[in-house]
Amino acid sequence: MKTLKFAVIGKDVSKSASPQIHNFIAEKTGNQISYERISVAENEFGNRIENLLNELDGFNVTIPYKLSVIPHLNSIEGDARTFGAVNTVLSRGRKGYNTDGLGFMLMLEVEGVDVKGKSVLVLGAGGAGRSAAKKLSDGGARVFIYNRSYDKAQAVANEFEGVTALEKLQDKPYYAVINATGVGMHATEGVSPVGSGLLELCGVAVDLIYVPPVSRFLEIAKSLGKKTVNGEQMLFYQAYYSQCLYFGKSADANQAKLLYAQYKEEI
């Protein structure tokens, strides 16, 4: 069996758990892969991406290249077209996909976070925020989105039904607050995008960041007795859905849940 070559590509993926997760999924599902981390500086991305498309069978894309990879592709499919952001690329045919939304909603389901008919605040209107807002709205939530640049939040609200952009962030009650910004990791580790005033009024705090495992955002929410969810499950599930695309296999949510349970036992 031929070993297929994959990678995760981002500005700084030095701490990414993607190789560990993808290798685990491949081993359990009978696929043979190599998977590496490739950090690419923003001023080098345009030149490097062409070589990577030729060298790799496929790759996952993370911050900040989920949008900037699109001009280098021949087509974007499904959720990637809806979100205008790509997290999975198949080099053959240069096709872009997005499995973030599927991973996000499966994580909420497993954690018992039922958003139907409830108000949910999404922080951040980048690739992750866009996909979260759309999937939450599709799941029957009343979605509010805040971004430091109001225009970006308004653009998401204009595009997706059931999403309202907030010009100012106020301490109001929400069933759940989703951190879809990068605040809390790398250079901003130890910083929360919101304070205790807002989190005290919410029921659930979900951070799409998974390193550190308990961000300052989740730390505050936990100290207030709130239910907290970090992004590790989403990372695992979106990797599972990506690998199904890589190998042309049908995705099975129950298989994804079982694999994650095994992963937590074995790591």
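Criteria and cut-off values
- Residues numbered from 1 in each chain as written.
- Predicted model: local features only at pLDDT ≥ 70, side-chain atom pairs only at ≥ 80, totals over all residues.
- Heavy atoms only, no water.
- Pairing = 2+ DSSP bridges.
- Helix = DSSP H or I, 4+ residues; strand = E, 2+ residues; numbered from the N terminus.
- Right-handed = clockwise from strand over helix to strand, strands pointing away.
- Salt bridge = Lys/Arg side-chain N within 4 Å of Asp/Glu carboxyl O.
- Buried < 20%, exposed > 50% of the residue type's maximum accessible area, 1.4 Å probe, protein only.

What follows covers the pairing of strand E12 (residues 227-230). Taken together, the four bridges between strand E11 (residues 204-207) and E12 define a ladder with parallel strand orientation. For Val204, the partnering residue across the bridge sits in E12 and is Lys227. Following the backbone out of E11, through helix H8 (residues 216-223) and into the adjacent parallel E12, one traces a crossover that is right-handed.

Right, let's get into the pattern of salt bridges. Opposite charge on two side chains permits pairing when their charged atoms draw close. In total, this model carries twelve salt bridges according to the counting rule given. Two residues, Lys135 and Asp79, come together in a salt bridge whose shortest N-O distance is 3.2 Å. With Lys135 in helix H5 (residues 127-138) and Asp79 in helix H3 (residues 79-83), this residue pair connects regions lying 56 residues apart in the sequence. Given a relative accessible area of 16%, Lys135 falls into the buried group. In this structure, Lys227 and Glu111 form a salt bridge, with 3.6 Å as the shortest nitrogen-oxygen distance. With a gap of 116 residues between them, Lys227 in strand E12 and Glu111 in the loop between helix H4 (100-110) and strand E7 (119-123) connect regions that are remote in the sequence.

Read across the open sheet, the six strands follow the order E2-E1-E3-E5-E6-E4; overall the sheet is mixed. Across the chains shown, the open sheet's two edge strands, defined by having one partner strand only, are strand E2 (33-39) and strand E4 (75-76). Relative to strand E6 (residues 95-97), strand E5 (residues 88-90) is paired through three bridges, and the arrangement is antiparallel. Across the sheet, the residue bridging to Val89 is Gly96, located in E6.

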